[in-house]
There are 2 protein chains.
Amino acid sequence: MSKLVIVGTVAFDAIETPFGKTDKILGGAATYIGLSAAQFNVDSAIVSVVGGDFPSEYITMLESKGIDVSGLEIVEEGKTFFWSGKYHNDMNSRDTLVTELNVLADFNPKVPSAYTDAEVVMLGNLHPLVQLSVIEQMDSPKLVILDTMNFWMDNTLEELMQVIAKVDVITINDEEARQLTGEYSLVVAAQKIMAMGPDYVVIKKGEHGALLFHQNDVFYAPALPLEEVFDPTGAGDTFAGGFAGFLAKSGDISFENMKQAVIFGSCLASFCVERFGTERMLELSKKEIHQRLQQFKSLTQFEIELT
Amino acid sequence: MSKLVIVGTVAFDAIETPFGKTDKILGGAATYIGLSAAQFNVDSAIVSVVGGDFPSEYITMLESKGIDVSGLEIVEEGKTFFWSGKYHNDMNSRDTLVTELNVLADFNPKVPSAYTDAEVVMLGNLHPLVQLSVIEQMDSPKLVILDTMNFWMDNTLEELMQVIAKVDVITINDEEARQLTGEYSLVVAAQKIMAMGPDYVVIKKGEHGALLFHQNDVFYAPALPLEEVFDPTGAGDTFAGGFAGFLAKSGDISFENMKQAVIFGSCLASFCVERFGTERMLELSKKEIHQRLQQFKSLTQFEIELT
């Protein structure tokens, strides 16, 4: 088993969906990634920052999931990053109502010395310079995975390109892949992104699943067709956490093994959206995961007799 | 092997895409369905109507593919149905520039007596009353497959509901499934459509593939990620033709076999979009189809080790 370093936000979210709304609840990319990767019992550490207002029971909960929090800085006099958003009826688009960076504005990530030798690094969505700083603190990771979003393409493209050049895998959604490359075809976009640095490109298409590209190979992981998406918040991070966690657990970064990793990512994300925030991820059993993996198999596996 | 009856338009299309434009070329739902089903060497017949302006070499070509055209009425004094459309840059939406019904306005379909005992009926997109008339002319088909579109939901919903109640399978796109049921979730929409009559629902999602629903089972056929979609015209009909043709060929209408049928449909549709109109379908070899089926396998097949 490999060690996994996770950098990303640990946050308060307030979410409104057609099904209801929440007060400030636990959120943040690193939180979702950590909880998802924790399903594989990997030795993981979160590198992030929170304010003095962050409840200690949340930290205790993360520790109880086997996540090292020595890299989770607490700025006592500061406030925790806060995001608030409202989803539209189709759940595929949302309005951001509030973004308060708070302690995140001056975040200077410190990878705990016990984790600078980690083999797998998952760079959750965050300022590219923070992501770059984490890469620089690592000894010689076997696999660096980058998640990012259009906000950084719009505002810090140069820094983002520096990070992209240094990572092995990028996970990005379809619209962002098109924005980054100016190509509508995701096949062509993936080829252009690989030319920027990463050996592997994962394009997330929400309810339409995810595509994994490597050289001239492509693999498709469907999203599970659901009766209801209750709250999409964190689905992409949960996908990334499942992907990174599975690879850290197995220590095998072949294309064949990455296929399994994207299936595990899709599987875990399909749970995440069933409840508000992290709720569903906190009560998830191995048995439920195994049953859902069977659903993924029957959803996509077929025998063809060539005639 | 079963006989296959295909009803639908045989038409002239004039198409404009970002890659170029065509004059009036061969088109129509029944044409695409017929050419696709012909890949399985089934005994099929097209029931349709054309005008005196329809070139005899098109008819000869259909016959050369083993398609019976005795049910293709030629109205010498009339003109063939004509559609013209222009695709937007994303290829996912289009404007209809011209629709001239011509001989289609008074079309009264006649199933040739040699084909009223066919086991499989593919009702291509057309007025629901025409589709209904074909159903009524059949002896006792084992499987009736319906393709339709939003135009008939907007204008002839009552008649469409009568057809839906009588068919075994419906193929419909995602937006149309939502329109027909008022449900955003495709899982819920499929359940509601099955309650209207069909035992099987195929929801086509274009570049995002297709979902096959039956009772509580669901199967997902991806679309092949393509570098370039040259002309999407006829892709849905080609999908339906592959689906119907495979089922007619195998004579097996189990859910397991329908999984193969949707994969064959997706496979054939992936060729259709590579050239204007029917061009690619006319020069398609068995070897190319087999190679592409292998691509569909490597795109979706995986082994999961449960940990």
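Only a predicted model underlies this, so the values are computations on that prediction, with no experimental measurement involved.

1. Observations concerning the packing of helix H8 (residues 235-250) of chain A against helix H9 (residues 255-272) of chain A
All names here are of chain A.
Next, step 1: Direction vectors running N to C along H8 and H9 enclose 140°, while the axes themselves pass 7 Å from each other. By the angle class used here, H8 and H9 are oblique. Between H8 and H9 lies a crossing of right-handed hand. Judged by residue contacts, Ala235, Thr238, Phe239, Gly242, Phe243, Phe246, Leu247 and Ser250 of H8 engage Asn257, Met258, Gln260, Ala261, Val262, Phe264, Gly265, Ser266, Leu268, Ala269 and Cys272 from H9.
Next, step 2: Class assignment of the residues belonging to the contact of H8 with H9 gives a composition of 12 nonpolar, 7 polar and no charged.

2. Quick look at the pairing of strand S2 (residues 11-17) of chain B
All names here are of chain B.
Next, step 1: The element S2 is extensively covered by neighbouring structure, given that 6 of its 7 residues are classed as buried.
Next, step 2: Bridge count between S2 and strand S4 (residues 25-27): 3 bridges; the pairing is antiparallel. In the strand pairing of S4, Asp13 is matched with Ile25.
Next, step 3: Sheet topology note: the S2/strand S8 (residues 82-87) ladder contains 5 bridges and is parallel. Each bridged residue has a counterpart across the sheet, and for Phe12 the counterpart in S8 is Phe82.
Next, step 4: Here S2 runs beside strand S3 (residues 20-21); their pairing, made up of 2 bridges, is antiparallel. Across the sheet, Glu16 pairs through a bridge with Lys21, a residue of S3.
Next, step 5: Taking the residues between adjacent antiparallel strands as the criterion, S2 and S3 are bridged by 2 residues.

3. Digging into the pattern of salt bridges
Next, step 1: In the structure shown here, the tally under the stated rule is 24 salt bridges over all chains.
Next, step 2: For the salt bridge of Glu16 of chain B with Lys86 of chain B, the shortest nitrogen-to-oxygen distance reads 3.9 Å. In this pair, Glu16 of chain B sits in strand S2 while Lys86 of chain B sits in strand S8, placing the two residues 70 residues apart along the sequence.
Next, step 3: Taking the relative accessible area as the measure of exposure, Glu16 of chain B reaches 25% and is therefore partly exposed.
Next, step 4: The class of Lys86 of chain B is partly exposed, set by a relative accessible area of 37%.
Next, step 5: Via salt bridges that share partners, Glu274, Arg280, Glu283, Glu288 and Arg292 of chain A belong to a single interconnected network.

4. A short note on the relation of the copies chain A and chain B
Next, step 1: In screw terms, the move from chain A to chain B is a rotation of 180° and a rise of 0.0 Å along the axis, fitting with an RMSD of 0.0 Å. Overall, the copies show the geometry of a two-fold rotation axis.
Next, step 2: When the interface residues of chain A are mapped onto chain B, 100% of them are again interface residues, pointing to one common binding face.

Rules behind the numbers
- Residues numbered from 1 in each chain as written.
- Chains lettered and ligands numbered in written order.
- Predicted model: local features only at pLDDT ≥ 70, side-chain atom pairs only at ≥ 80, totals over all residues.
- Heavy atoms only, no water.
- Axes fitted to C-alpha atoms, helices over the stretch in contact; angles between N-to-C directions.
- Helix = DSSP H or I, 4+ residues; strand = E, 2+ residues; numbered from the N terminus.
- Parallel < 35°, antiparallel > 145°, perpendicular 65-115°, else oblique.
- Left-handed = near helix turned anticlockwise from the far one by under 90°.
- Contact = heavy atoms within 4.5 Å.
- Nonpolar A, V, L, I, M, F, W, Y, C, P; charged D, E, K, R; others polar.
- Buried < 20%, exposed > 50% of the residue type's maximum accessible area, 1.4 Å probe, protein only.
- Pairing = 2+ DSSP bridges.
- Salt bridge = Lys/Arg side-chain N within 4 Å of Asp/Glu carboxyl O.
- Least-squares fit on C-alpha atoms with pLDDT ≥ 70 in both.

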